[in-house]
Amino acid sequence: MTEATPKGLRRAALATLLLGFVAMAAANRLVRGAALPDAAWTPAAMLAGLRSLPPAGPPDVMGIVEGYDDGTVVVRSPGAMQHIRVHVATVIAVPTGPATLADLRPGTTVAIWGRRPWWGGSLTTRALMVLVR
Amino acid sequence: MTRHGRHPDDWPAVRAAAAYSVFAVCFLLYARTLTPGLSASEGDSHELTMAAATLGLPHPSGYPLYTWLAFLFTWFPIGEVAYRTNLLSATLAAGAAGLLVSVGGRVGLQLAPAAFAGLVFGMSSTLWSQAVITEVYAPNAFAVVGVLALLLAWARDPARERCFVAFACACGLSLGMHLSNLSLAPAYALFAVLSDKRLLRRRRMLALAALAFVAGLVQFAWLPLRAETARFPNPAPDTWPTFFDYTLGWVTSGHFTVPLAAMPGRLVLYQRLVVENFTAPGVALGCLGMWRLAWTAPRAFWLLFGLYATNVVLAARVGMPDSEVFFIPSHAMFALFMAFGAEAVAAAVRRLHAGRALPRTLAAVGTAALFAVLVPFAALGIARADRSRDTAVGDFLAAALAAVPAGSELVAGRGAFGQDIAYWRRFRGGRTDVRLASVEAPLPASDPSPRFVKARLVGSRLDTPARWGLAPAALPPDPWAVATVAGIHPDLVLYRVLTVPPPPPDSAVAHRLDRRVGSDTFVGYTLAPEATPDRRVRLRTVWSGEGQTPPVVMPRIGGVRFAAHEVGRGNWRRAARDGAASPFVEEVHLVAPSFLAPGPHLVELGIVDLGPGGPSVEWIPLGSVRLD
């Protein structure tokens, strides 16, 4: 690429980039802890918008419970196109109230918030919500 | 010229060799993990395969160029038809990675970072997931990178009209891969104007380019020509309004449905996706590379960042469950940013060395380290994307079509989700004596022919016709659905449809257990010692219990798990509601995967306890079954 570019082009590029970084940071800030009315806690709303939900932004994984191991459920995510093995830490809610692990029946749709290691390995669940039973 | 005073194409043969090497590495990885037939995870791919093989119309926007290329691949004398269309994805995804090496050179990257960018993009998880199945997204990555390469080729010497005209034609053609490529036009236009200040005055070239672009679009005349092959629920694109709905109207109304208010959440999802694709250190390197590019080559920055930002913003507005695939073009740009980041690190090391040339050993070690990090990256990619044992759909269809009696009617989705059965009957199985309600007119519900349905069960009822496209007239109201053949995924279940409750099956068992499962009892089971020639393993389990909530079980054959399900697959709850007497008998043929070697294999039944401490599974060995 030629370097014979006006200074304004470079300044605009750097300013745009800075703006992009700020927008990404702001998005993180905005979704943190934001709550939605109960009506939004439906799979349709989630799939359409993947809106902010407790405890921290949109869920990392949404999928259907397809199998089990000792202490874990196997969730099939349509987006990831693979079975995602998650460790059940907390089942926080069904749309109408608190839930228990017994709500994780096969075929239920769940939203999972978790922590993925920096190298992109398996998700460790921090919270899980049953959306459809 | 580059900032180092020499052009990256000084050694075009070396750069071409690097690009071909990247192509070869990526292609080998994809070939190693390629789906051998119909994919179990992506319903649209069945429809795209059928459309390619029959030169029909897939769902909107019709994808004419994709369909034609896939049609050519269906003639390869290797594997089954679905494997050949999967191979198209692998070939063009690897082509996109190889072409990115050339693009990297044209935006000023040295050879090693450019090759790094190609490999990183080729091994990114989202592209890889699409490179091993029949879908439009991997081929579209090739189209996007190809158009970019042509634009950059013209920018090297803006006097060359032919390059610009070729770029414009490629732009039009690329819309036949995915119409969303139209959104990249502003970034191309800005770069073109920045590259040639007199561009807007070059009327002849612009007129030729406009003609070339329109020539690329002529492919969409294919839609009205093949309108009769459009499938449920899409109207045939044979009038101007339906043509618009099938193309631009569908893209604008059907894709970008996420409201602007939800964009912050979507951008957070994107951030997680990019970490998943490139790891956290890779993302940091990419951000550094963006900064370096903006500082050292602002014109290239406006092109790459323009494409990147446009794609991220628009893909974030896509309201589909698999919306991550729409980010693939931005991943290509991000891989280039990572390569610029690597160059920034090298430049920093050079500065630490007081501007003197780095010792050759140090430079070689740095380059080797750059590529060494790709080895675990590739290993992770293989673990994530391997579909080489994804035979579930073919195994299930072979067994299900063999199991239904002559003269039966088979009801499946009429749209994209019913194309697996249509494909199987046309290219693999025959069974023309079985009526397909998804292809032919369904029999009236009162017809006494045996009727089967392939669908997902929700609770005790078949899923709604609207979602899966089951022909409403083909099914009686609120039918009884009795599972007869089951594959390893929950969608792969064949139900016998009855208008009245099924007669109680034989509850005699060869092996009596009387094992307590919560408030119910696993009375016993009968397992046939030989599987059928089409690998159906016949298992009857008998249960007793009065509870409304059935036990959860999970079969396993030769170590391969089937999806967990509630005993009775809906009918336990229904029988309990209707006050039917215990015991409850489940008699299902389980389809053993074709990748299991012939010979004896252990059959087990996992009984799942969803207790307060989390799920636990008790595996009960049922016996051995011999597979042919």
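All figures in this text were calculated on a predicted structure; none of them were measured in a lab.

Regarding the nonpolar core
All names here are of chain B.
- With 211 residues, the main nonpolar core has Ala93, Leu100, Ala117, Ala141 and Leu304 as its most contacted residues.
- Looking at this core, the element that brings in the most residues is helix H4 (residues 81–106), giving 14 residues.
- Sequence-distant contacts of Ala117, defined by excluding residues within four places in its chain, comprise Leu100, Gly104, Leu109, Ala335, Leu336, Met338 and Ala339.

Here we look at the sheet that holds strand E3 (residues 451–454) of chain B
Residue and element names in this part refer to chain B.
- The 9 strands lie next to each other as E2-E1-E3-E7-E6-E14-E10-E9-E8, forming an open sheet whose pairing is mixed. On the outer flanks of this sheet lie strand E2 (435–436) and strand E8 (511–517), each paired with one strand and no other.
- The sheet contact formed by strand E1 (residues 409–411) and E2 spans 2 bridges and is parallel. Of the residues in E2, the one forming a bridge with Leu410 is Leu436.

Focus on the domain arrangement of chain B
All names here are of chain B.
- The domain architecture assigned to chain B consists of domain 1 (10–385), domain 2 (391–503) and domain 3 (504–628).
- Centre-to-centre separation of domain 1 and domain 2, based on C-alpha positions: 38 Å.
- With 17 residues of domain 1 at the contact, the number on the domain 2 side is 16 residues.
- Listing elements by their share of the side of domain 1 that touches domain 2, those giving two or more residues are helix H2 (43–54) and H4.
- Ranked by residues supplied to the side of domain 1 that touches domain 2, first place goes to H2 with 6 residues.
- Split into classes, the residues belonging to the side of domain 1 that touches domain 2 amount to 8 nonpolar, 5 polar and 4 charged.

Regarding the packing of helix H1 (residues 12–32) of chain B against helix H5 (residues 111–123) of chain B
Residue and element names in this part refer to chain B.
- For the pair H1 and H5, the least separation of the axes is 10 Å and the interaxial angle reads 20°. When the axis of H1 is compared with that of H5, the two are roughly parallel. Considering only the axes of H1 and H5, their crossing is right-handed. When H1 is examined against H5, the residues Val14, Arg15, Ala18, Ala19, Val22, Val25 and Cys26 are found in contact with a partner set consisting of Leu111, Ala115, Gly118, Leu119 and Gly122.
- Looking at the contact of H1 with H5 residue by residue, the classes come out as 9 nonpolar, 2 polar and 1 charged.

Examining the environment of B:Arg496
Residue and element names in this part refer to chain B.
- Position of Arg496 among the secondary structure elements: in strand E7 (residues 493–498).
- Residue classification places Arg496 among the partly exposed positions, given that 19 C-beta atoms sit within 10 Å.
- In the structure, Arg496 is positioned 46 residues away from Pro450 in sequence and 7.8 Å away in space, judged by C-alpha atoms.

Points about helix H20 (residues 419–429) of chain B
- Among all positions of H20(B), only B:Gln419, B:Asp420, B:Ile421, B:Tyr423 and B:Trp424 are buried.
- Residue B:Gly430 follows H20(B) closely and has a positive phi angle near 75°.

Side note on the packing of helix H8 (residues 161–174) of chain B against helix H10 (residues 203–217) of chain B
All names here are of chain B.
- One way to put it is that H8 packs onto H10 with a least axis distance of 7 Å and a crossing angle of 30°. Classified by the angle between their axes, H8 and H10 sit roughly parallel to one another. As H8 runs across H10, the sense of the crossing is right-handed. Taking contact as the criterion, the partners of Glu161, Phe164, Val165, Ala168, Cys169, Ala170, Cys171, Gly172 and Leu173 in H8 are, on H10, Met205, Leu208, Ala209, Ala212, Phe213, Val214, Ala215, Gly216 and Leu217.

Reading guide: rules and limits
Residues numbered from 1 in each chain as written. Chains lettered and ligands numbered in written order. Predicted model: local features only at pLDDT ≥ 70, side-chain atom pairs only at ≥ 80, totals over all residues. Core = buried A, V, L, I, M, F, W, Y, C linked by C-beta atoms within 7 Å. Buried ≥ 20, exposed ≤ 12 C-beta atoms within 10 Å, placed from the backbone. Helix = DSSP H or I, 4+ residues; strand = E, 2+ residues; numbered from the N terminus. Contact = placed C-beta atoms within 7 Å. Pairing = 2+ DSSP bridges. Domains from an automatic or database assignment. Nonpolar A, V, L, I, M, F, W, Y, C, P; charged D, E, K, R; others polar. Axes fitted to C-alpha atoms, helices over the stretch in contact; angles between N-to-C directions. Parallel < 35°, antiparallel > 145°, perpendicular 65-115°, else oblique. Left-handed = near helix turned anticlockwise from the far one by under 90°.

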